[in-house]
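# Descriptive structure summary
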Amino acid sequence: MTKFVNKQDGSNYRPAFCINAPLCADNKAVKISREQAERVKDLSLFTSKKKERKTMKKTDKLKAALSALLTAAALTSCGMTGDIEINGSERDDKSGTVTSVTAEPVAADVRNELSGECRGYGQGTETDEKGRPLGATGFNNMYKQLDAYALREDTDKILLTFDQGYENGFTADILDTLKEKKVKAVFFILQDYAERNPELVQRMIDEGHIVANHSVHHYSMPTLSEEDCRREILDMHEYMQQNFGVEMDLFRPPMGEYSEKTLAVTKDCGYKTVMWSFAYADWDTENQPDPNAALKKMVDAAHPGAVYLLHSVSSTNAAVLGNMIDNIRDKGFEFEKLKNS
């Protein structure tokens, strides 16, 4: 099965701090051509012409199955019942409305149509006429019915996100810069990070940032059973609820690895999956990017609805963040401001 190319430089997305985490078998990344990306339909996969006819037959079944997921809020399978809040783009400052639905279990035949094959996400280097990576737009088209997205198509604003694997001494500086520039971000944190750095997590919350779910242990979700996937999400959810009083509803799968089934489990647990449309090799603390080159890469990549993924362990990111924000604003973009649940 063809997979997305990982990262802008084509390398596998696997930060140094999680090198011992379980890895999908056959996690080879391949480049995606513009021609292939243009053939993507709502729920189809990137395929070769030789397999296209066969794949479309399978896709018809998948489309029906995934559509059913929209009408069946399967939180019962996560141990949640009753009314739940579903938050989408209405989380920005222009509207605070939410809708509620009653949870019902997903039918077994629906879930059986979904693939458990591990895929490694990456936005790729090919872009459309708006400068949006085709890997990100293709991901949206394929998985939006599972509440999964890699860029925001309902706004031109940029969403700034950070992955918090461990603390390397730069998060406070990053928070200082965000406060100075009046920018709010989303911090995807592991449970270990929250346990070791409660004062930084509380500061994120107090200063109006979103703290989001990056799982308990940073395992590759497709390597786990469905029940273990739920536990990775919901145990972290419970920990944050009990210790910080926050209700999280955004999830980023560790290492960008997912399957159709893990996306469905994430949705079942009341979460949206958030990938990214910009990322670069910033996670290796022993091989940090040149600040000037990194700044140029960040600014040049700005596009409508972008979701930026940065790692807070990066000294380069901490050093250039303020200039990055200023230069992207000079290009006419503003940054998304989400609200805590």
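## Let's talk about the side chain of N140
Tracing the backbone shows N140 in helix α4 (residues 134-143). The contact partners of N140, leaving out residues within four places of it in the chain, are Y149, A150, L151 and E153.

## Examining the pairing of strand β11 (residues 307-311)
Burial within β11 is extensive, with five of its five residues counted as buried. Burial of the side chains of β11 extends over both faces: V307, L309 and H311 are buried on one face and Y308 and L310 on the other. Two strands pair when backbone bridges link them, and strand β5 (residues 159-164) and β11 are joined in this way by five bridges, in the parallel orientation. The residue bridging L159 from the neighbouring strand is V307, located in β11.

## Quick word on the nonpolar core
Grouped together as the largest cluster of nonpolar side chains are 51 residues, with contacts concentrated most on L160, L178, M240, Y308 and M324. In terms of residue count, helix α8 (residues 226-244) provides more of this core than any other element does, seven residues in total. Discounting chain neighbours no more than four positions away, the residues touching M240 are I189, A194, V201, V211, G245, V246 and M248. Residues L114, A150, L151 and L250 belong to the second largest nonpolar core, which totals 27 residues.

## Comments concerning the packing of aromatic side chains
A full pass over the atoms with the stated rule returns eight aromatic pairs. Between Y121 and W276 the ring centres are 4.9 Å apart and the planes differ by 85°, which places this aromatic pair in the edge-to-face class. Of this pair, Y121 sits in the loop between β3 (119-120) and α4 while W276 sits in the loop between β10 (272-274) and α10 (291-300), placing them 155 residues apart in sequence. The two residues Y121 and W276 agree in class, both being buried. Here the aromatic rings of F139 and Y258 are separated by 5.4 Å at their centres, their planes lie at 85°, and the arrangement is edge-to-face. Taken together, the residues span a long stretch of sequence, with F139 in helix α4 and Y258 in strand β9 (residues 257-258) at a distance of 119 residues. Ring pairs connect the aromatic residues Y121, F139, Y143, Y258 and W276, which therefore count as one cluster.

## Considerations on the confidence of the model for the chain
For the chain, per-residue confidence averages 78 on the pLDDT scale, and residues scoring 70 or more make up 67% of the total. Here residues 25-59 is a poorly scored stretch, pLDDT under 50, and it has 66 contacts once near neighbours within four places are set aside; other chains count. Across residues 61-106, confidence stays below pLDDT 50; counting only partners more than four residues off in sequence or on other chains, it has 94 contacts.

## Some points on the packing of α8 against helix α9 (residues 260-268)
Contact geometry of α8 with α9 gives a least axis separation of 10 Å together with a crossing angle of 45°. Taken together, α8 and α9 sit at an angle that is classed as oblique. By crossing handedness, the relation of α8 to α9 is classed as right-handed. For the pair α8 and α9, contact is made by E226, C229, R230 and I233 and by K261, T262, V265 and T266, respectively.

## Looking at α8
In this model α8 runs 27 Å from its N-terminal to its C-terminal C-alpha over 19 residues, within 8% of the 27 Å that 1.5 Å per residue would give. Those residues of α8 that fall on the buried side of the exposure criterion are C229, R230, E232, I233, L234, M236, H237, Y239, M240 and F244. With its phi angle positive at about 70°, G245 sits one or two positions after the end of α8.

## Let's talk about the environment of A294
Within the fold, A294 resides in helix α10. On the basis of relative accessible area, A294 is assigned to the buried category, the value being 2%. Residues A294 and Y280, spaced 14 residues apart in sequence, show a C-alpha to C-alpha distance of 8.5 Å. Discounting chain neighbours no more than four positions away, the residues touching A294 are Y280, P289 and T316.

## A closer look at the pattern of salt bridges
For the structure shown, the criterion picks out 16 salt bridges. A salt bridge links K181 to D326; the nearest nitrogen and oxygen atoms lie 2.9 Å apart. Of this pair, K181 sits in helix α5 (residues 171-181) while D326 is found in helix α11 (residues 315-330), placing the two residues 145 residues apart along the sequence. Residue R231 pairs with E227 through a salt bridge whose shortest N-O separation is 3.4 Å. Here R231 and its partner E227 are both found in helix α8, four residues apart, which amounts to about one turn of the helix. Its relative accessible area of 33% is what places R231 among the partly exposed residues. In this structure E227 comes out as partly exposed when scored by relative accessible area, which is 39%. One network of salt bridges, with partners in common, ties together E226, E227, R230, R231 and D235.

## What to know about unusual backbone geometry
Here S215, not a glycine, exhibits a phi torsion of approximately 90°, which is positive. Tracing the sequence through the fold places S215 in the loop between β7 (210-213) and α8. Positive phi outside glycine occurs at H218, with the angle close to 65°. You can see H218 is positioned in the loop between β7 and α8. H218 sits in the buried class, given a relative accessible area of 4%.

Definitions and limits used
Residues numbered from 1 in each chain as written. Predicted model: local features only at pLDDT ≥ 70, side-chain atom pairs only at ≥ 80, totals over all residues. Heavy atoms only, no water. Helix = DSSP H or I, 4+ residues; strand = E, 2+ residues; numbered from the N terminus. Contact = heavy atoms within 4.5 Å. Buried < 20%, exposed > 50% of the residue type's maximum accessible area, 1.4 Å probe, protein only. Pairing = 2+ DSSP bridges. Core = buried A, V, L, I, M, F, W, Y, C linked by side-chain atoms within 4.5 Å. Phe/Tyr/Trp six-rings, centres within 6.5 Å; stacked < 30°, edge-to-face > 60°. pLDDT = per-residue confidence, 0-100. Axes fitted to C-alpha atoms, helices over the stretch in contact; angles between N-to-C directions. Parallel < 35°, antiparallel > 145°, perpendicular 65-115°, else oblique. Left-handed = near helix turned anticlockwise from the far one by under 90°. Expected span 1.5 Å × (residues − 1). Salt bridge = Lys/Arg side-chain N within 4 Å of Asp/Glu carboxyl O.

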